[in-house]
Structures are given as structure tokens and as C-alpha cells.
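Chain residues, written in single-letter form:
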Amino acid sequence: MKLLLAGVLLATTATLTLSVASNERPPVSAGFWFDPVSFEAQALGGALTADDLRTIETTAREEVATAFAPFNIVISDRRDARYHVRVVQEVLDHRIKRKAWVAGQSHAMRGFGGSGSVSFIYFASGALSYAPPTATRRETVEAIGRGIGRGAAHEFAHQFLIGREVHSSRDRGSYEYHAASRPEQYYGPMHWDVAGPMLAERYGKHSR
Ligand SMILES: [Zn+2]
């Protein structure tokens, strides 16, 4: 009898394990990488150094990873990922005739994936203009990375949630807020607002 019970228990455990495994979809793969970029400003004492650029990339990667940590989405530097955002020197708005610089842009097709870019110059300038007077050079350099990472998270949200309106948030401290021209883009914490439940619905870690 004891043996039989043990057998039943084992079988139940095995069934549970199997059903958990089959409910878990493979994570969505998204690529994020930097093109060769540069920036200089008097406030930084000249051009960004190779060390600065490494700090910026590390900070930006941490931001993107933090933003999507609650979801079944893996961010890497893979360029063949279904979804990607690359950091480029500048992004031009081609919808407008005159030359206009924008923070970022994305294209996506439902069921296929998406591609986007964010502007290094836009976020480097922004981190400088929104820097509190007490900010050190190091803090400003990190803020450039934070701005870029949060801008990339915003663009990824457009791609992952193709067909959904993510700009409806009025929360200036949220990733999906419609404008990057705000101090919250660079300084202080950031969170998901309206896009959070939408991402959880499509990319929840344990839901279907
Ligand atoms: Zn947007």
C-alpha cells in the first residue's frame, strides 16, 4: 500500500511537471546593440571617451533588461533576433519634409517581428539638458545610458504590442509616455503604466 501511494504521488508530480513545461512558451528574443557613435559637449569637457561609451552601453543594457524582466522576453545583442532596436548616431523623421531629429522610431508587422532605432545624439543632449546642477560628469554619462535604454524599451513596447495604442499613458514616469523630452527619461526610477498589463497578457511568464 505504501509503495502504491508513492507510485501515485510520483505519477502526479510527473504530470504536473509536464503540464507546466507545455504551458511555458519559449521566450521572445529581442536584439539591442550600438552602432559606432560619438558625442562631444563642453559640459563633458569634450568628447565621450571609450570608457564613457562602455558605461553608457552597460547602463542602457541594464535598463532594457530591468524593463522586460517581468516578461517572457530575453534581450541580447543578437542581430538576427525577431525584434530589434539599434542605437544609431541620429534618427531623422522622414514624415516631415524639413530635417527633424527624433528620439526613436520603430516598424513592426504582426506575426513577423519589428525593427527600430534610437538616436544617440538625442539622448546624449537630453541627459545634459535635464541634468540637475549637482550632477557629476559620471552621473551625467550614466544618465545618457539610462535615457537610451528607456528609449529602447519604449520602441520595443511599440514592436511587441503592435496594433495596440501604448501612447495613451499620461504618466510622465512611465516607459510608454509619448515624449522623451522630460527629466524622468534620464533621472529617477521608471515603470510601466498602460503597457504593463498588455505586455503581461501577451508575454506573461507563466500565463497563456
Ligand atoms: Zn512611441
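Remember, it's a predicted structure, so these values are computed and weren't measured experimentally.

Quick notes on the overall build of the protein
What the protein contains, in helices and strands, is five helices and nine strands. Ordered by position from N to C terminus, the α and β elements of the protein give α-β-β-β-α-β-β-β-β-β-β-α-α-α. When burial is assessed residue by residue, the protein has 42% of its 208 residues classed as buried. Of all intrachain contacts in the protein linking residues separated by at least 6 positions in sequence, the fraction that spans at least 24 positions is 71%. Split by element, the accessible area of the protein, about 11,600 Å² in all, is 59% carbon and sulfur.

Section: the sheet that holds strand S4 (residues 73-76)
Strand pairing in a sheet is mediated by backbone hydrogen bonds. Such pairs are either parallel or antiparallel. Strand order in this open sheet of five strands is S4-S1-S5-S9-S8, and the pairing throughout is mixed. Every interior strand has two partners, whereas the edge strands, S4 and strand S8 (104-109), have only one. Between one strand axis and the next, the sheet turns through 15° on average, direction left out of account. Bridging between strand S1 (residues 28-34) and strand S5 (residues 83-88) involves five bridges; their strand directions are parallel. Note on S5: the bridge partner recorded for Phe-34 is Val-87. Set on the sheet, helix H2 (residues 50-68) makes contact with S1 and S4; between it and S1 the angle comes to about 160°.

Here we look at the coordination of the zinc ion
His-154 (NE2), His-158 (NE2) and His-167 (NE2) make up the full set of protein donors to the zinc ion, lying at 2.0 Å. Read in sequence order, the donor residues coordinating the zinc ion give the pattern H-x3-H-x8-H. Taken together, the residues span a long stretch of sequence, with His-154 in helix H4 (residues 137-160) and His-167 in the loop between H4 and helix H5 (195-203) at a distance of 13 residues. Exposure remark for His-154: the relative accessible area of 10% places this residue in the buried category.

With respect to helix H3 (residues 120-129)
Along H3, the positions that sit buried rather than exposed are Phe-120, Phe-123, Ala-124, Gly-126 and Ala-127. Down the axis of H3, the smallest arc covering the buried residues is 165°, so these residues share one side. Each element contacted by the buried residues of H3 is listed here: S1, H2, S5, strand S9 (113-119) and H4. The distance from a side-chain oxygen at the start of H3 to the backbone nitrogen of Tyr-122 is 3.0 Å, and the residue carrying that oxygen is Ser-119.

Section: the side chain of Ser-119
Position of Ser-119 among the secondary structure elements: in strand S9. Exposure remark for Ser-119: the relative accessible area of 0% places this residue in the buried category. Sequence-distant contacts of Ser-119, defined by excluding residues within four places in its chain, comprise Val-88, Gln-89, Glu-90, Val-91, Val-102 and Ala-103.

A closer look at H5
Where H5 is concerned, the buried positions are Ala-195, Gly-196, Met-198, Leu-199 and Tyr-203. The buried residues of H5 occupy an angular sector of 165° when projected down its axis, which confines them to one face. Away from its buried face by more than 90 degrees, H5 exposes Pro-197 and Glu-201. Elements that come into contact with the buried residues of H5 comprise S1, H2, S4, S5 and H4.

Cut-offs applied
- Residues numbered from 1 in each chain as written.
- Predicted model: local features only at pLDDT ≥ 70, side-chain atom pairs only at ≥ 80, totals over all residues.
- Heavy atoms only, no water.
- Helix = DSSP H or I, 4+ residues; strand = E, 2+ residues; numbered from the N terminus.
- Buried < 20%, exposed > 50% of the residue type's maximum accessible area, 1.4 Å probe, protein only.
- Contact = heavy atoms within 4.5 Å.
- Areas by Shrake-Rupley, 256 points an atom, 1.4 Å probe, with all protein chains shown as cover.
- Pairing = 2+ DSSP bridges.
- Axes fitted to C-alpha atoms, helices over the stretch in contact; angles between N-to-C directions.
- Donors = N, O, S within 2.8 Å, 3.2 Å for Na, K, Ca; no water.
- Arc of directions from axis to C-beta.
- Polar contact = N/O pair within 3.5 Å; in protein donor to acceptor, adjacent residues only side chain to side chain.

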